[in-house]
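So the chains spell out like this:
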Amino acid sequence: MSKESIRRLESLASSSENIPSGLDRLIKNMTGYCCLCPHMATDIAKYKIENVILIEKYCDVCIIKITQIDEK
């Protein structure tokens with residue numbers, strides 16, 4: 001998804017207006033939320049641990065934080 005689309009979805013999700021439940025579910029399924037904070041996810045990380053693949057979603061800010069930790 002483009003950054004603009006994500007920004008629009010994020011503003012819609014944080015709006016005080018009532019969002020129809022179908023649209024709310026669609027937004028969550030399309031993007032989901034960051035696993036570290038309440039922002040919309042923009043990146044997906046996949047980790048393989050033995051026979052299991054762990055999938056986590058991160059926002060732009062958190063993905064920078066975790067990649068900086070990995071680089072140290």
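Residues numbered from 1 in each chain as written. Predicted model: local features only at pLDDT ≥ 70, side-chain atom pairs only at ≥ 80, totals over all residues. Heavy atoms only, no water.

Draft legend 1. Expanded view of the overall build of the chain. Within the chain, the secondary structure is distributed over three helices and two strands. When the helices and strands of the chain are read in sequence order from the N terminus, they spell out α-α-β-β-α. Per-residue burial over the chain gives 21% buried out of 72 residues. Put simply, 27% of the contacts in the chain that link residues at least 6 apart link residues at least 24 apart. In the structure as shown, the chain presents an accessible area of about 5,700 Å², 55% of it carried by carbon and sulfur atoms. (Helix = DSSP H or I, 4+ residues; strand = E, 2+ residues; numbered from the N terminus. Buried < 20%, exposed > 50% of the residue type's maximum accessible area, 1.4 Å probe, protein only. Contact = heavy atoms within 4.5 Å. Areas by Shrake-Rupley, 256 points an atom, 1.4 Å probe, with all protein chains shown as cover.)

Draft legend 2. Representation of unusual backbone geometry in the model. If you check the backbone angles, Glu-50 has positive phi at about 55° while not being a glycine. Along the chain, Glu-50 turns up in the loop between strand 1 (43-49) and strand 2 (52-58). The exposure class of Glu-50 is exposed, given its relative accessible area of 73%.

Draft legend 3. Geometry of the confidence of the model for the chain. The share of residues in the chain with pLDDT of 70 or more is 64%, and the mean pLDDT across the chain is 76. When pLDDT is averaged over each element of the chain, strand 2 comes out on top at 87 and helix 2 (residues 21-30) at the bottom at 63. (pLDDT = per-residue confidence, 0-100.)

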